Each structure stands twice: as C-alpha cells, then as structure tokens.
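# Examining the three-dimensional arrangement
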Amino acid sequence: MMSSGFSVFRAGVALVFMCSFYKSTEDSLPELSPQQFFSTLQPGKASLAYFCQVGSPSNSVFLEELKEAIRPLQDYGISVAKVNCVKEEASRYCGKEEGLMKAYLFRGNILLREFPTDTLFDVNAIVAHVLFALLFNEVKYVTTLEDLHSIENSLKGKANMIFSYVEAIGTPEHRAVMEAAFVYGTSYQFALTTEIALLENTGPENIGRAHLYFFHCELVLDLTEYCRRTPMEQPLTTLNIHMFIKTMKAPLLMEIAEDPQQVSTIHLQLGLPLVFIISRRATYEADRRTAEWLAWHLLGKAGILLLLRDSVDVNIPQHANVAFRRAEKESPVEYLVLNAVDLIVSHVKNSMHIEEKQETQEDEDGDEEDPDLAVQDDEVAGTVYRDRKRLLPLELTVELTEETFNATITTSDSIVLFYAAWHAVSMAFLQSYIDVAIKLKGTSTFLLTRIDCADWSEVCAKQNVTAFPVVKLYKEGESPVSYAGMLGTKDLLKFIQINRISCPVNIASIQEAEKYLRGELYTDLFSSTRMSVLGLFSPAMTSVKENFRQAGKHLRGSVITGVYSEDDVWILSKKYATTLPALLLARPKEGRIESVPLDTTSVQDMVQILANAQLEAFPEITVENLPAYLRFQRPLLILFSDGSINRQYRNTALALVRQKQLDSFTPCWLNLKNTPVGRGILKAYFGSLPPLPQLLLVNLHSGGQVYAFPSSQSVTEQNLVLWLKKLEAGLENPITVLSTQEWKPPLPAFDFLSMMDAPTSDAPTKKVRECQKETEIQESVERRQGDKSVSRREPPPVELLRIKRWNKSNWPKEAEESSPLDRDL
C-alpha cells in the first residue's frame, strides 16, 4: 500500500553516474570534486552526480540526454551535478574501467540502486528509471495475474488502484505513469506491468500499445467480486493521465435543478461534454437508475447529471428526455429524444469521434513535410528497436552452438528456433518464443533451444534453413518437423502441445475409440485444438491406411489424428452411418461427430480434406485465420458486428450451410472489438461507419463488387436466400467496387545484391527516390567496379522479402496466384 515515507522521499535523492570523461561546454551541469559532492549529501537533500574519469573516452550522447533530464528531475527535488575524478581524491565510485558504465541511485548518502547506463538511453528513460526505483512502495510491479488479483483483493473496501501496461521500461509512456504516481501515489495504489499476457486477460481491444485502467476497489465490500474497471482510451501522456484521474475523482452522478446552460463541472473544464437525463417526479427512481448506468458506461468520456424538470424554470421541449452540452464555451444545449441508453452512448461517442477527426484534420493541414518522410518502412524493425532494452529471460531456453547442436537434438526431444540477431522479424518472434517457454516451464517434455544463424551459419545450412525465423521439432528416430503456423505464441504453443503425442495415434479398441471421439483420451490437448480425426479402415486396407498415416504426419502439430483398423471396425462404421474407408471428425466441445467417406486415397487429397475439416462453418474472421478462408476464392458473406453476434444470425447462417444454400460463398462474421481494422474496412466501403450489425457480400476474386443486405429487412433464412438470388440475377447494385490496383510498398526497395553482382553495362539505371543511404551505397559499388555503371533491375519478390510468413505448400494450386483484390479487405 501507499507508504508514509513518500513525502520524505520527495525532499531529495541522489543519483550517481559512472562514465567516461566529457568536457562540458555548458554551465547547466555543475562540476564538483568527489570530496565536494559527498560533503553536500544530507538527509532529505537530493543530488544527481555524474562521475567521470579524467582522460577517458567521451560519452557525449549520454551526457546530452542527462542534461535534458536536469530540469524534469529538479521538478521532483532531484538536482544534477557532474563529479570529476582525480588521482588525488580516491573514491570507489570513480572505480575501475569496467565500472564506468554504471549508474548509482542514492537517498542521502545511502545507495539505493545501480543501473547500466545503456538502460538510461534518453531523457524519458532517465526520469522513468529514477522515479520507478524511488516509488517502489507506491508502484507495485506485477508479472502474473495472481499478483494483480492479490493487490486487488487487498484494496477492496479501502482504496482504488491505477493499473497500467507499458511495452518496455524507460519508454515515454512509462515516464508518464511514474510522474502520475509521484503526484497521486498517496491517494491511489499504482500497479505496473510489461507482461502482455496480463493485458490479454484484462481485455482491451488493441493490445499493441500502452494501456491504463482505474480499478474501483474502494466501493467493493464483497471479496468475491471483481473491482469495476474503467479504461483510459487516450494515449498515455502525463497530461492525459492527470485529466483521466480528475474525472475518476469527480462525482459519478449529480442532481441539479438549474438551467443546463449555466451548469459548470470539472468535466467541462477538462474538455468533456455533459449529458443531462431529464426526469420527472413520477419517473424519478427509474430515471436515476438509467443515469447511474450511463454514468458508469461513460465514465471518463462525459459527465452525467440528473435534471429535475419540475424543479427548474427553463423552457424544456415537452418530449425531450435528454439534453447534451458540448465542452466548447458558449456551446448551446441540445435537447434530444433518445429512447434507448445505447443511443445516448452512441451520440456521445460519435461527437467525440467528430472532434478527434477535426483535430486530426487540423494537424494534417499544418503538416507540410514530405509525406514519405513520415512513413515507417519497416514497422517490425521499429518495434524491435523500441523494445531493445526489454530484458528477456533467455535462460529458459538453451543456446546451441556448432559443438552442442548435434549432441542436443540426438539425446533429447528438442524444439529449435533458428534465427538471426540482426533480423528484425527473428528478434520480434524471439519474444513469442520466450513467452512459450514461460508457459511451458516445468511441464514440457521438450527441450526448448535456439541457435543464432548469424554466428553458426554452417549448422543452419546443414539443417536446410534458408529463411528466418524457423522452428523445427526433433524427435529421436523421426525426421524433423518444421513449424508452418503464424509467428505468435498461441499457434506455436498449440504446435508443441499436439506434438507430445504420436501422429497418428493407434487406437486399440472400440472403447478407446469412443473415448478418443469424446475428447476424454487427451483432455489437456483440447484447450489447444477444437477437433480430432479418427480414420476407420478394415485390416485389409493397408495401402489407404498408410496414405492416411502420411497425411497425418504432414499435418503434424496442427490436428490430432488417430487410426482404428481392428476386425470390429464395422461397429463404428455402422454406428456413424458410413462406409469404409472413412474419417470421423469429432468436435467434443460442440458434441458433434461427423462422418466423411474417403472417396479418394491419395495423400495430397487426404491432406486437403483434413486441412478443410478444421475450418468452421461460420467462423469469426481474424487477421490470423483470414488467409485460410481466402484460399477457397469464394465471395465472402460477412457480417460486421460491434461485439458478439446475435444468436439469430448464427442460427440462420448455420441452417443455410446445412441446407447447402451457401456452398458458393464463405459465410463468416467479424467482431470489430476483436479486429478494429474492420472499422476502416466499413468506412472504405460506405464512406462513413454504417449502423451495425451490417451484412455484406464481398466478391474479392472476380470483379471486386461489394453488396449490402437491405437494412430495412431482418436477416432470416428466406430473406437471405431471396437476396442472394437477386444478386445472382444481377438485380442489385453494388455499394462500391474495389480497386484492382496492385498493392506495393510505400517506398521503393533497394536490390543491393543485384547492384553488386550485375554485369557491367552502359544501360541507364532505373530512377528511384534519392536519399543519403542510396548515394553511399552507389559510391561503394562504384569503388568496387571502378567508374563503370551498374544496371539496376527490380528484384523478384523472393529477393525482396526473405521473411517466413506462411507455408504455401499447404495451399491449393489454384490459390497460389492470389488476386490483388485479396489485399483490399
């Protein structure tokens, strides 16, 4: 909880840095001798001293950042000084050569913390690290969901909590949180994490950025209840956090009996609108409940007031039940008739979106720079650079070398990550790989290892590794299995879990087969996969059975497969009304078992059947699974929804799927809360965000037409079938037609290999955008090849991008050349 020593700390702290010597040219950084510095240290007096060895190489970049941090640190009672170490005055902080790159944090003359100076890489990192170390009682760092719940339970009925997630320590967002904790640390308990898994459990829409939540624990008296959580939707800046906390401190609901135009609250001062629920004495209780519900749902977005119509001498329209007042000065009060609370919430959010759009437009109008200068050509590389100071627990995996590689994979079942330390995607995926190691710690039968191919290229070449990153599974007596899924924690974890069992599994009896189909044989695996496949074969069907085994091995790690071929196999074929050979597709969570006769016996056809069987009949489309459904090259019948879909829509779609009415389409739905990019898609189709839910037919692969289901009709089986028939007959007009223009990178790429290896010719070079790096490379080429010109050609895609995105070997041949329209969605 909040420490009583907080106010004592604010009086002063000392931070001492060890570094190389730098000759200061500014007077803003005081210079002292060691004796002078230590003589100034007093209890409650703060000083930030930078120790420099006279004659050492300079560290000017760090000194510049330190000078930038002087003023913000002084705001918190921490002064800054530089100490020049001389031989006449020995000090252990002047230390040895290897100790020069350390930072030391003091309170008075007591050492609190030391940092490597490379963690203090800019002014934000310096301020954030210093405050974080000093506020160790006010800001609890949590790494697990259990830690967060423990703090939450200890605060129930006592105080509220501010919980934040930042992507890395030392970022501008981390500094903003720490500065807020300095001001409000005696009023609220602060908790901080850099573990994205905690954010996934908290449930934000976009987990790719920093988040802050206000936990309302003070009002919770029952320990079994969760504290209500209010998310801060603005970016994490010091000003935004301050404004957000101010709104949390404001009364949840106020009752007034005066002219709404004359009302003044903290919300208006902070730029937030006011919503007045107009009430009568006869409906007071119901109106107050409505106002309280709105107050919780619009907390931090608007102020909610209960206006008693009978007690105010103002001309309020007779039918109006809501009044709305914007934050702008002299903005008139709008009187509205809104008969549902959802409409009130939408009205407030829409007004906020309009204001944000206007502000964004103003910013864009004032920006006259070359638009290409603001383009981040490689977002992955940018993210890796931003997180470069985040320390990963690499000790959870074994680092392999040329000497240890063969011995490791031959003596233990191993998962090996082949990566390159210079490769951005490799380093981004390394974080996911470590997350998997954390989740499997102490439970996995596999040894998780990694090898840097930049250091051990010959080992990687012998393992046929030609792209990065690659994950391979090695089991004794078996060929290595390459992971072909998405480069993320969830899919890689599924691949490892399923590979714990043999593939396919040999089923020995009817009873074991029934347990397998009900999901009772491998219960722990069904948290990773939703379906298992059982192949039924008579003992004489050796050839087709072997082909099924090969197909199962081909999809090893993505689907659970089993084989039953005993003499009594006919019992299962009769029970599930199928002829041999056959496949039983079991979905234990749904309680469904589907039989599929095997009309084909080739391995490739079986692979395709098994791959398609994993797909849902009416799936929720996400960024990860979209390619699996686009490969069918059928029009998308897609329902856009702001949250979970109505059961009626699901039942209608599934009924038409069972009736074979939608075989020419891919029926699916998209949750805008889980996949926010859907909002941009709808705006591109309609020009603005339409009312939701919205059912569309998107013909990506032939023509690019987009059709909208009539909003005046309800989505029923009959209406949907009639609408699709009209489309087929050409009786409906599309709302838009997607462009057939090919998608290209925002900036031209440089084919360095062809520039170096191209034969000498006098042909003119292709004109590309000039930049300093290109000039330097061109000069380097000219030095290598004399004064001869070098022809430049456009590189083929495989040379442009050697990043493993998706294993296309599993795609149908007709889908290998995708239409440019695939990318428009």
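Up top is the structure.
This write-up is about the structure you can find in this document. It should be emphasised that the depicted structure is a prediction, and the values quoted were computed from it without experimental measurement.

Taken as a whole and assessed by the stated rule, the structure comprises 2 disulfides. Sulfur-sulfur distance for the disulfide between Cys453 and Cys460 comes to 2.0 Å. Measuring the twist about the S-S bond at about -90 degrees, one finds the Cys453-Cys460 disulfide to be left-handed. For the pair formed by Cys453 and Cys460, the shared burial category is buried.

Okay, the pattern of salt bridges next. Where charged atoms from two side chains of opposite charge come close, those side chains can pair. Applying the stated criterion to the full structure yields 12 salt bridges. The shortest N-O distance in the salt bridge between Lys301 and Glu233 comes to 3.3 Å. Here the residue Lys301 occupies a position in the loop between helix H11 (284-297) and strand S14 (303-308), and Glu233 occupies one in the loop between strand S11 (228-232) and helix H9 (238-249), the gap between them amounting to 68 residues. Relative accessible area serves as the criterion here: at 44%, Glu233 is assigned to the partly exposed category. When the shortest N-O distance is used, the salt bridge between Arg288 and Glu292 registers 3.4 Å.

In this structure, Leu73, Val139, Val177, Phe190, Leu212 and Ile241 are the most contacted members of the largest nonpolar core, which totals 48 residues. Secondary structure elements with two or more residues in this core: strand S3 (47-53), helix H3 (60-68), helix H4 (70-75), helix H5 (123-134), helix H7 (172-184), strand S9 (189-193), strand S10 (211-216) and H9. The element contributing the most residues to this core is H5, with 8 residues. Dropping the residues within four chain positions of it, Val139 is found in contact with Phe132, Met178, Ala181, Gln189, Phe190 and Leu192.

Pairing between sheet strands relies on hydrogen bonds along the backbone, with the strands arranged either parallel or antiparallel. The 5 strands lie next to each other as S22-S24-S23-S25-S26, forming an open sheet whose pairing is mixed. The outermost strands of the open sheet, each flanked by one partner alone, are strand S22 (505-506) and strand S26 (592-597). Two elements, strand S23 (residues 532-536) and strand S24 (residues 560-564), share 5 bridges in a ladder whose sense is parallel. When the bridges of S24 are listed, Val533 appears paired with Thr561. Lying over the sheet, helix H18 (residues 510-518) contacts S22, S23, S24, strand S25 (582-587) and S26, oriented at roughly 150 degrees with respect to S23.

Moving on, we get to the packing of aromatic side chains. Counted by the stated rule, this structure contains 11 aromatic pairs. Where Tyr188 meets Phe214, the ring centres are 5.4 Å apart and the plane angle is 75 degrees; that geometry is what we call edge-to-face. Placement of Tyr188 in the loop between H7 and S9 and of Phe214 in strand S10 is noted, with a sequence separation of 26 residues between them. In this structure, Tyr188 and Phe214 share a single accessibility class: buried. Cluster of aromatic residues (ring-pair linked, three or more members): Tyr184, Tyr188 and Phe214. The positively charged end of Arg228 is found above the aromatic ring belonging to Trp296, 4.1 Å away from the centroid.

As a further point, take the environment of Gly704. Relative to the assigned elements, Gly704 resides in the loop between strand S29 (694-698) and strand S30 (705-708). What makes Gly704 buried here is its relative accessible area of 0%. Sequence separation between Gly704 and Pro734 is 30 residues, and the spatial gap between their C-alpha atoms is 9.5 Å.

The terminal C-alpha atoms of helix H25 (residues 717-729) lie 19 Å apart, and with 13 residues this matches the ideal 18 Å at 1.5 Å per residue to within 8%. If you follow the buried residues of H25, they end up packed against strand S27 (636-641), helix H23 (647-658), S29 and S30. Just downstream of H25, Gly730 is the residue with a positive phi angle, here 75 degrees.

The next subject is the packing of helix H19 (residues 542-554) against helix H21 (residues 603-613). Contact geometry of H19 with H21 gives a least axis separation of 9 Å together with a crossing angle of 55 degrees. Here H19 is positioned oblique relative to H21, judged by the angle of their axes. Classified by chirality, the crossing of H21 by H19 is right-handed. Touching Val544, Asn547, Phe548, Gln550, Ala551 and His554 of H19 are Val603, Met606, Val607 and Leu610, all from H21. Class assignment of the residues belonging to the contact of H19 with H21 gives a composition of 7 nonpolar, 3 polar and no charged.

So, how was this worked out
Residues numbered from 1 in each chain as written. Predicted model: local features only at pLDDT ≥ 70, side-chain atom pairs only at ≥ 80, totals over all residues. Heavy atoms only, no water. Disulfide = S-S within 2.5 Å. Buried < 20%, exposed > 50% of the residue type's maximum accessible area, 1.4 Å probe, protein only. Salt bridge = Lys/Arg side-chain N within 4 Å of Asp/Glu carboxyl O. Helix = DSSP H or I, 4+ residues; strand = E, 2+ residues; numbered from the N terminus. Core = buried A, V, L, I, M, F, W, Y, C linked by side-chain atoms within 4.5 Å. Contact = heavy atoms within 4.5 Å. Pairing = 2+ DSSP bridges. Axes fitted to C-alpha atoms, helices over the stretch in contact; angles between N-to-C directions. Phe/Tyr/Trp six-rings, centres within 6.5 Å; stacked < 30°, edge-to-face > 60°. Lys NZ or Arg CZ within 6 Å of the ring centre and 35° of its normal. Expected span 1.5 Å × (residues − 1). Parallel < 35°, antiparallel > 145°, perpendicular 65-115°, else oblique. Left-handed = near helix turned anticlockwise from the far one by under 90°. Nonpolar A, V, L, I, M, F, W, Y, C, P; charged D, E, K, R; others polar.

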